[in-house]
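# Report on the structure
Chain by chain, the residues run as shown.
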Amino acid sequence: MGTERRGNFGSKLGVVLATAGSAVGLGNIWRFPYMTGQDGGAAFIMLYLLCVLLLGLPGMISEFIVGRHSAANAARAYRRMGGKAWGIVGYMGVLTSMIILGFYAVVAGWCLQYLYASLMGELVGDAGYVEQYFRSFSTHPLKPVFWTVAFILLTHWVVVRGVRNGIEKASKLLMPMLLFLLIVIVIAGCSLPGAAEGVRFLLAPDFTKLTRGVMLDALGQAFFSLSLGTACLCTYASYFNRQTNLSRSALQIALLDTLIAVLAGLMIFPAAFSVGVTPDAGPSLIFITLPNVFQQAFASIPAAGYAMGVLFYALLSLAALTSTISMHEIGTAFFFEELHVSRRQGAWVETVACCLIGVVCALSCGAVEGLSLFEKSILDCCDYLAAQVLLPLGAFLTSIFVGWYVPHEVVKDEFTNWGTASSALFSVYLFAVRFVCPLGILAVFLHQFGII
């Protein structure tokens, strides 16, 4: 590492936008809307908000405490505060982030391809044509690989410039652009005939649809949406200064993350209802259903349909980039500090490793036969391993670590900024991180495996 120093965020706005950018991604704009559609609309959103308060905020603050107190990469942070045994949690977070970046970049690459296809007018046709277009592209031996590597290299280009000049500057540019595009598409979608039914579906709760499964889905979505368990929040918090109010920052980030998720629903459902598409189209919503929805919704004004498609996939690409930047930074910080190399060299180690994972994941979607495990593509296996095993396990161990192992005085000092911030909610936070978070995460974990 030589004399090269660790970076740090230069402003409070940079802290919020960069950390919110790590949470805002395809999970908000893709996963949240289709889960809302499947689980009954506004009733699901209300449960989700409750879960953010009970599970998300304490979990975020806990990772912030570990990161800022240690001022180191995730592996070293847990090792400094808990010894070699607890250091495993940090190493697991680094590994998880590399796996996620590898397969996430494949889907992000699909977004870039669809942005290009929208610009070229290649997505014009009936539902059958759009479905065939996706299958043809995703199983092509070269195109998905090209876009996957391109997206990782784009991410590398931002991260290698450092925390303040790369990540913070990019976040200050990308997050306002993302919000602007969201609002433009929401306004356009809500102005369509019949769009009011979609707005009503999203905002009017139907409590008769609430089941135990829906409650656990809401808990899981809150958990995944806020990037808990990836070591991302811990890594970003290592760049916070001592004046950063951790609880206030966590609340601001959670509110911004939730706002974007709800806006994503307002972007998708009014347009879908206006052309009679069911709100529970599932994971295929983005790449198969929506291109045709935009064509039908703006059939009388083809130019508007064209613009909507371009704006939508530009939005998805921006959202994906804010997340891949944070995933990349986890590994970059780790290699930079643990291998004692320059930040640029650490970033290249992370980039090469994630490109290898991404290429295998891209080829496993049909381009190369035999790239599968347990009758699933490598991409699906990586998704399953990260989302259903490593993330819940990492978040569970972090809550146990901060709630029961880290000295009470250390936790309180970080929570209250060494007595300069209010301690009124500290006892509530401590109870949540000791009891509510572990039990909630355990419920999600067991639900993923069908045990409850």
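Provided above is the structure to which this section pertains.
First, a word on what this report is: a plain description of the structure on this page. Bear in mind that the values here come from a model prediction, so they are computed numbers and not experimental data.

Judged by side-chain polarity, W404, F431, F435, L439 and L442 come together as a nonpolar surface patch covering roughly 540 Å² of accessible area. No other element matches the four residues that helix α17 (residues 426–448) contributes to the nonpolar patch. When you line up the elements, F435 lands in helix α17. On the basis of relative accessibility, which here comes to 38%, the residue F435 falls in the partly exposed class.

On to the pattern of salt bridges, then. A pair can form between side chains of opposite charge whenever their charged atoms are brought close. Applying the stated criterion to the full structure yields seven salt bridges. Close ionic contact of R68 with E414 constitutes a salt bridge, the shortest N to O distance being 2.8 Å. With R68 in helix α3 (residues 42–70) and E414 in helix α16 (residues 408–415), the pair connects residues that are 346 residues apart, well separated along the chain. One exposure class covers both R68 and E414, and it is buried. Here E329 makes a salt bridge to R343, at a shortest N to O gap of 2.5 Å. Placement of E329 in helix α13 (residues 302–338) and of R343 in helix α14 (residues 343–363) is noted, with a sequence separation of 14 residues between them. By relative accessible area, which is 0% here, E329 ends up buried. Salt bridges sharing common partners tie together R76, R79 and E338.

Now for α13. A rise of 1.5 Å per residue sets the reference length of α13, with its 37 residues, at 54 Å; its end C-alpha atoms lie 54 Å apart and thus fit the reference within 8%. Within α13, 31 of the 37 residues are buried, which leaves the element mostly enclosed by the surrounding structure. At the exit of α13 stands H340, carrying a positive phi of roughly 55°.

Okay, the state of the cysteines next. Summed over the entire model, instances satisfying the criterion amount to zero disulfides. Free cysteine: C365, not disulfide-bonded; nearest cysteine sulfur from C361 at 7.5 Å. Cysteine C382 is unpaired, with the sulfur of C361 as its nearest cysteine sulfur at 3.8 Å.

Applying the stated criterion across every chain yields a total of 31 aromatic pairs. Taken together, a centroid distance of 5.7 Å and an interplanar angle of 45° make the contact between W86 and Y405 tilted. Note that W86 is positioned in helix α4 (residues 74–119) and Y405 in helix α15 (residues 378–405), a separation of 319 residues in sequence. A residue is classified by how much of its surface remains accessible, and Y405, at 44% relative accessible area, is partly exposed. Ring centres of Y114 and F287 lie 5.1 Å apart, and the angle between their planes is 75°; on these two criteria the pair is classed as edge-to-face. Here Y114, found in helix α4, pairs with F287, found in the loop between α11 (246–274) and α12 (289–297); they are 173 residues apart in sequence, far enough to count as distant. Each of the two residues, Y114 as well as F287, counts as buried. One aromatic cluster in this structure is built from W110, Y114, Y129, Y133, F134, F287, F294, F312 and Y313. Against the face of W418 rests R242, its NZ or CZ located 3.8 Å from the ring centre.

Thresholds applied
- Residues numbered from 1 in each chain as written.
- Predicted model: local features only at pLDDT ≥ 70, side-chain atom pairs only at ≥ 80, totals over all residues.
- Heavy atoms only, no water.
- Patch = residues over 30% accessible without salt bridge, like charges linked within 9 Å, V, L, I, M, F, W, Y side chains within 5 Å.
- Areas by Shrake-Rupley, 256 points an atom, 1.4 Å probe, with all protein chains shown as cover.
- Salt bridge = Lys/Arg side-chain N within 4 Å of Asp/Glu carboxyl O.
- Helix = DSSP H or I, 4+ residues; strand = E, 2+ residues; numbered from the N terminus.
- Buried < 20%, exposed > 50% of the residue type's maximum accessible area, 1.4 Å probe, protein only.
- Expected span 1.5 Å × (residues − 1).
- Disulfide = S-S within 2.5 Å.
- Phe/Tyr/Trp six-rings, centres within 6.5 Å; stacked < 30°, edge-to-face > 60°.
- Lys NZ or Arg CZ within 6 Å of the ring centre and 35° of its normal.

As far as function goes, none of this settles anything; it's purely spatial.
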